[in-house]
Amino acid sequence: MGKSDASRFRLGTLRIGTALAPKIFRGCLLDAARISRYAFVDSAQAAHSARHASPNMPEASATSSLTAVLGDVLKRQVAAVQDYTLLTVQAMRCMFSPPYYWLDTLEQMDIVGVGSLPIIIVAGLSIGGVLVLQTAAQFQRFGETALTGDAVSLALVRELGPAVTALLVSGRNASGMASELGSMVVTEQVDAMRALGTDPIRKLMMPRVIATVLMVPLLTVVFDFVGLCGGFLVAYSTLRLGAVQFWTRAINSLDIGDVVQGLTKPVVFGLIIATVGCYCGLRVRGGTQGVGRATTTAVVISSVCALVADFFLSRLLLYLFQ
Amino acid sequence: MTRDVPPLDSSRNVANTSRHEIQSVPGEALISLHDVHVGFEDREVLQGISFDVAHGETKVLLGETGTGKTLIMKLAAGLIRPDSGRVLVMGHDVSEMPEKELLNFRRSIGFVFQEGALFDSMTVSDNVSFRLREEAMDETEIEERVREALRFVEMEHALEKFPADLSGGMRRRVSIARALVDRPPVVLYDSPTAGLDPVTSQTIITLILRGRDLQDVTALLATHRVQDAFGLANFRFDKASGHVVALAGNGKSGLAQSLAEREEAADGGRERNPTQPTNVLVLRDGKIYFEAPADELLGTKDEYLKKFLASAE
C-alpha cells in the first residue's frame with residue numbers, strides 16, 4: 001500500500017467513523033434508556049429487563065459488521081454503568097429509612113475491618129520499610145537523611161496508605177462480597193429473601209456498604225501508623241536515625257490538608273469497593289461459573305475504579321488545600 | 001383462551017397494610033392469571049396462560065421440564081413480571097405492584113422453592129424464624145412458632161443444625177416449615193418432590209396435605225410427578241385420628257388405588273374432597289393442555305396425558 005493509498009484508507013476510515021459514531025452513540029443511549037425503564041426500579045423488573053436485554057442487543061450484531069459489534073459492546077457497558085449507578089442510589093436511599101440491619105452491619109464491620117487487619121499490618125510494615133530503603137539512598141547523597149521521616153510520612157498519609165489499603169481491601173472483600181452474594185443468587189436464596197418479604201438490597205447490600213465505608217478509613221489509619229513504624233525500624237537500623245528525630249519530622253511534616261486527604265479518599269474507596277462487589281454479586285448470571293467470573297470482575301473493577309478515583313480526588317483535594 | 005378480567009379494587013393499597021389485614025374471601029379466586037405471556041430472548045415460554053385457583057383449592061401444575069411451571073410460581077409471587085397479561089393474587093395485581101408494596105404483600109404468601117433455597121449461613125431455627133424476626137415479633141412467641149412449625153414437619157430435632165448438615169428431603173421439610181410458620185392463606189410449592197426418593201416424596205406430599213387440611217391453605221403446586229396430584233386428590237388428613245386417610249376408602253392406597261379405579265373415576269364415581277378440591281392443570285408448549293379435577297385425568301384417552309400416567313405406573 002502506497003503512501004497515498006494509506007492516507008486515503010485513513011481518511012475513509014475517519015469518514016466512516018465520523019458518520020457512524022453518532023448512530024452508535026444514539027443506539028447506546030436508546031438501549032440504555034430501554035433497559036433503565038426496568039433496571040433496579042425494582043428487582044422483578046430488573047429480571048424482566050435481563051430476560052429481554054439479549055434480543056435487543058444481538059439484533060445489531062446479526063449484521064455482523066464492525067459497527068454493530070462495537071455498538072453492541074458499548075451498549076452493554078453503558079447499560080452496566082447505568083444499572084450499577086441505579087443500584088448504588090437505591091442502596092443509598094435505603095440508609096435514610098427503616099428497617100436498619102445493625103447486627104448485620106456489625107458483623108460486616110468485623111469481617112471487613114478486623115478480618116483485614118493482619119494483611120494491613122504486614123503490608124504496612126513492608127511498605128513503610130521499603131519507602132525508607134528507597135528514599136534513604138537518595139537523601140544520603142545530599143546528606144539529608146533526616147528528611148526520611150518527612151518523605152515516608154507524606155507518601156503514606158497522602159497517597160500510599162489510602163491506595164494500598166483500598167487495593168488490599170478490594171482483593172479481600174470485594175471478591176468475598178461478589179462470591180457470597182453471587183452464590184446466594186445462584187441458589188435462589190436472594191429470591192427466597194424477596195419471597196419472604198425482605199428487600200435484599202436493604203438486608204444484604206446496605207450493611208456491606210456502611211461497614212466498608214466505615215472500616216476502610218480506619219484500616220488506612222492503621223496502615224499509615226504501621227507503615228511509619230516499619231519506616232522507623234528500617235531508618236533506625238540502617239541510617240541510625242533516632243526515634244525523636246524520625247517521629248518529630250514525620251508528624252510535623254503533615255498539615256491538616258494531608259490528614260483530610262488521607263481520610264477522605266478511603267471513604268470514597270470504601271464506597272466503590274462495596275458497591276462494585278455487591279453489584280457484581282447480585283448480577284450473577286450463569287451458575288457457579290458466573291460466580292467465579294463475578295468474583296474476578298469485582299476485584300478488577302473495584303481496584304481500577306479506586307485508582308482512577310484516586311487521581312481525581314488527589315487533584316480536587318490538592319486544589320482545595322493548597 | 002380469553003376471559004373477562006375482573007376490575008381491580010383501587011382502594012386496596014397494600015403498601016401500608018399489615019400482613020394480617022390482607023384477607024381472602026371464601027369462594028373468591030385467590031390466584032388468577034389472565035392471558036399471561038412470558039418470553040426469554042427469542043422463545044415465548046408462556047403463551048396466553050389463564051386459570052384461577054379458588055379459595056381452599058389445590059391446583060397442581062403438571063408438565064415436562066421447561067414448560068414454565070416455575071415461571072408461573074414466580075409470577076404468582078411477583079418475583080418476575082409478565083410481558084403481558086395480569087396476575088391477581090387475593091385481588092391484588094402483582095404484575096403491576098411496585099417492589100416496595102410487593103415485599104409487604106409477599107408476607108401473606110408462602111413459597112417453597114425447588115431446592116429449598118434455605119439460607120445456608122443460618123441455622124434451621126433462624127431460617128424458619130426469618131420472616132417472624134422481620135416482623136419484629138416477640139422472641140418468646142418466635143420460639144414457640146418455630147418449634148410448632150418444625151414439629152409440624154417433624155424436624156424439631158434439627159433446630160440448631162445448618163442446611164449443609166441436612167439431607168435433600170430434610171431441607172424441603174424445613175423449607176415447608178419456613179413457608180407455613182406465619183400461617184399464610186396461600187402457599188406456592190415449586191416442585192417440592194423433585195429429585196427425592198419415592199418414600200421422601202410421599203412424606204412431603206403428606207405434609208402438604210396436612211397443611212391443606214389443618215391450616216386451610218390454598219395451594220399452587222408445580223410438579224412433574226402425577227403421583228403428587230393423585231396423592232393430594234385421593235387423601236385427606238383426618239384431624240381426629242391424626243392420620244392420612246383415603247377418600248374412597250376401599251382398602252387400597254395411593255396410586256395403586258387410583259390406577260385400579262380409572263374407569264370408576266372417569267365415571268365420576270370417586271368421592272371428592274368437597275371443601276379442598278384438587279385440580280390438575282397440564283402445561284404443554286407454553287399453553288394449558290388440560291385442566292380438570294385430578295380424577296378426570298385418570299380416565300383420559302389422550303395419548304400425551306397417558307404418557308404421564310404411564311410414568312407413574
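Within every chain, residues take consecutive numbers counted from 1 along the sequence as written. Both sets of labels track the order of writing: A upward for chains, 1 upward for ligands. Per-residue local features are limited, in this predicted model, to residues with pLDDT of at least 70; the limit for side-chain atom pairs, both in listing and counting, is 80 or more; totals at the level of whole chains, interfaces and linings are taken over all residues. The side-chain figures draw on all heavy atoms in the structure; neither hydrogens nor water molecules are used.

*Asks:* I'm lost on the side chain of Lys203(A) in this one. Help?
*Replies:* Note on conventions: DSSP H or I runs of at least 4 residues are helices, E runs of at least 2 residues are strands, and numbering of each starts at the N terminus. Along the chain, Lys203(A) turns up in helix H8 (residues 200-239). For the exposure calls, accessible area comes from a 1.4 Å probe over protein chains only, and a residue counts as buried if that area is under 20% of its type's maximum, exposed if over 50%, partly exposed in between. The class of Lys203(A) is buried, set by a relative accessible area of 10%. Contact between two residues is taken to exist if any of their heavy atoms lie within 4.5 Å; hydrogens are not considered. The residues touching Lys203(A), leaving out its near neighbours within four places in the chain, are Tyr101(A), Asp104(A), Met193(A), Thr198(A) and Phe130(B).

*Asks:* How should I be thinking about the sheet that holds strand S2 (residues 43-54) of chain B in this particular structure?
*Replies:* Adjacent strands of a sheet pair through backbone hydrogen bonds, lying either parallel or antiparallel. Residues and elements named next belong to chain B. If DSSP finds at least two bridges between two strands, the strands pair. The antiparallel open sheet is built from four strands, whose spatial order is S2-S1-S4-S5. Whereas interior strands pair on both sides, the edge strands pair on one side only; in this sheet they are S2 and strand S5 (92-93). Of the strand pairs in this sheet, strand S1 (residues 29-40) and S2 are connected by nine bridges, and their pairing is antiparallel. Looking at S2, one finds that Val38 is bridged to Leu46.

*Asks:* Could you clarify how one ought to interpret the packing of helix H5 (residues 102-142) of chain A against helix H6 (residues 148-186) of chain A in this entry?
*Replies:* In a pair of packed helices, the angle between the axes and the distance between the axes together describe the arrangement. All names here are of chain A. For every element, the axis is a line fit to its C-alpha atoms; helices are fit only across the contacting stretch, and the angle between N-to-C directions ranges from 0 to 180 degrees. Packing of H5 against H6 brings their axes to within 9 Å, and their N-to-C directions diverge by 145°. Our pair here, H5 against H6, has a crossing hand that is right-handed. Charged means Asp, Glu, Lys or Arg here, nonpolar means Ala, Val, Leu, Ile, Met, Phe, Trp, Tyr, Cys or Pro, and polar covers whatever is left, Gly included. Its residues assigned to classes, the contact of H5 with H6 comprises 18 nonpolar, six polar and one charged. A clockwise turn of the near helix away from the far one marks a right-handed crossing, whereas an anticlockwise turn of less than a right angle marks a left-handed crossing.

*Asks:* Help me understand the confidence of the model for chain A, please; the structure alone is not making it clear to me.
*Replies:* Detail in the predicted coordinates should be disregarded across regions flagged by low pLDDT. Residue and element names in this part refer to chain A. pLDDT measures how confident the predictor is about each residue, on a scale from 0 to 100. Per-residue pLDDT for chain A averages 85, and the proportion of residues at 70 or more is 80%. Low pLDDT, under 50, characterises residues 6-14; the predicted model gives this stretch one contact beyond four residues in sequence or across chains. Per-residue pLDDT stays below 50 along residues 24-41; that stretch engages in 37 contacts with residues further than four places along the chain or on separate chains.

*Asks:* How do you make sense of the nonpolar core when you look at a structure like this?
*Replies:* Side chains of a nonpolar character, in soluble globular proteins, are inclined to be buried together. In terms of nonpolar packing, the biggest core is built from 100 residues, with Phe51(B), Ile72(B), Leu188(B) and Leu220(B) touching the most fellow members. Here this core gets 16 residues from one element, more than from any other, and that element is H8(A). Side-chain atoms within 4.5 Å are what join buried Ala, Val, Leu, Ile, Met, Phe, Trp, Tyr and Cys residues into a set we call a nonpolar core. Core analysis: the next-biggest nonpolar cluster, separate from the first, contains 53 residues, Ala158(B), Ile176(B), Val187(B) and Leu232(B) among them.

*Asks:* Which parts of the structure should I look at to understand a nonpolar patch on the surface?
*Replies:* Residues enter patches when they are more than 30% accessible in relative terms and free of salt bridges; like-charged ones are connected within 9 Å and nonpolar ones (Val, Leu, Ile, Met, Phe, Trp, Tyr) within 5 Å. Each accessible area value is a Shrake-Rupley result obtained with a 1.4 Å probe; residue values ignore everything except the protein chains displayed when judging cover. By definition here, a salt bridge exists when the distance from a side-chain nitrogen of Lys or Arg to a carboxyl oxygen of Asp or Glu is within 4 Å. Residues Val300(A), Ile301(A), Val304(A), Val308(A), Phe311(A) and Phe312(A) make up a contiguous nonpolar surface patch of roughly 570 Å² in combined accessible area. Along the polypeptide, Val304(A) turns up in helix H11 (residues 287-321).

*Asks:* It is not clear to me how unusual backbone geometry should be interpreted in this structure. Could you clarify?
*Replies:* When glycine is set aside, most residues are seen to have a negative phi, and most peptide bonds are trans. Note that the residue after Pro98(A), namely Pro99(A), is joined by a cis bond; omega there is 0°. Looking at where Pro99(A) falls in the secondary structure, it is placed in the loop between helix H4 (66-94) and H5. Its identity is not glycine, yet Ala117(B) carries a phi of approximately 50°, on the positive side. Considering the arrangement of structural elements, one finds Ala117(B) in the loop between strand S6 (109-112) and helix H3 (124-134).

*Asks:* Would you explain the packing of helix H6 (residues 198-215) of chain B against helix H7 (residues 226-234) of chain B in this entry?
*Replies:* All names here are of chain B. Two numbers describe how H6 lies on H7: the axes approach to 10 Å, and their chain directions differ by 35°. The crossing of H6 and H7 is right-handed. For the pair H6 and H7, the contacting residues are Ile205, Ile208, Leu209 and Arg212 in the first and Asp228, Gly231 and Leu232 in the second. Split by residue class, the contact of H6 with H7 holds four nonpolar, one polar and two charged.

*Asks:* Can you walk me through the interface of chain A and chain B in this structure?
*Replies:* The parts lose accessible area when they come together, and the size of an interface is often stated as this lost area. Facing 25 residues of chain A, the contacting portion of chain B comprises 28 residues. Buried area between chain A and chain B, summed over both chains or domains, comes out near 2,400 Å², and the portion from carbon and sulfur atoms is 56%. A salt bridge links Lys74(B) to Glu188(A); the nearest nitrogen and oxygen atoms lie 2.9 Å apart. As used in this structure description, the phrase polar contact means that two N or O atoms lie within 3.5 Å; if the pair is within protein, one of them must be able to donate a hydrogen and the other to accept it, and residues adjacent in sequence are counted only when both atoms belong to side chains. At the junction of chain A and chain B, the tally comes to ten residue pairs in polar contact (both at pLDDT 80 or more). For the side of chain A that touches chain B, the elements supplying multiple residues, two or more each, are helix H2 (43-56) and helix H7 (189-195) of chain A. As used here, buried area is the combined drop in accessible area, with a 1.4 Å probe, of two parts when they are placed together.

*Asks:* Whenever I open this one, the sheet that holds S6(B) confuses me. Can you help?
*Replies:* Residues and elements named next belong to chain B. Taken together, six strands build an open sheet; the order of strands is S6-S7-S8-S3-S11-S12 and the sheet is mixed. In the strand order of this sheet, the two ends are held by S6 and strand S12 (287-293), each with one partner. This sheet shows a mean twist of 15° between the axes of neighbouring strands, independent of strand direction. Looking at chain direction, S6 and strand S7 (residues 186-190) are connected through four bridges and run parallel. Looking at S7, one finds that Gly110 is bridged to Val187.

*Asks:* Looking at this structure, I do not really get the pairing of strand S4 (residues 84-89) of chain B. What am I missing?
*Replies:* Regular strands place their side chains on alternate faces of the sheet. All names here are of chain B. Here S1 pairs with S4 via five bridges, running antiparallel. Opposite Ser32, over in S4, you have Leu88 as the bridge partner. Bridge analysis of S4 against S5 gives two bridges, and the strand direction is antiparallel. For Leu88, the partnering residue across the bridge sits in S5 and is Asp93.

*Asks:* Before we go on, may I ask you to explain empty space enclosed by the protein in this structure?
*Replies:* Rolled over the atoms, a probe as big as a water molecule pinpoints where empty space is left. All names here are of chain B. The distinction between a cavity and a pocket rests on a 1 Å grid over the protein atoms alone: a 1.4 Å probe fits inside a cavity but cannot get out, while a pocket stays open yet meets protein on both sides within 12 Å along at least five of seven lines, and a residue with an atom within 4 Å of a point counts as lining. Grid points are joined across faces, edges and corners, and a volume is the space filled by probe spheres set on the points. One pass over the full model with this rule turns up one cavity of 30 Å³ or more. In this model, the largest cavity occupies a volume close to 40 Å³. In terms of residue count, S6 provides more of the lining of the largest cavity than any other element does, three residues in total. Of the residues that constitute the lining of the largest cavity, the class distribution is six nonpolar, one polar and two charged.

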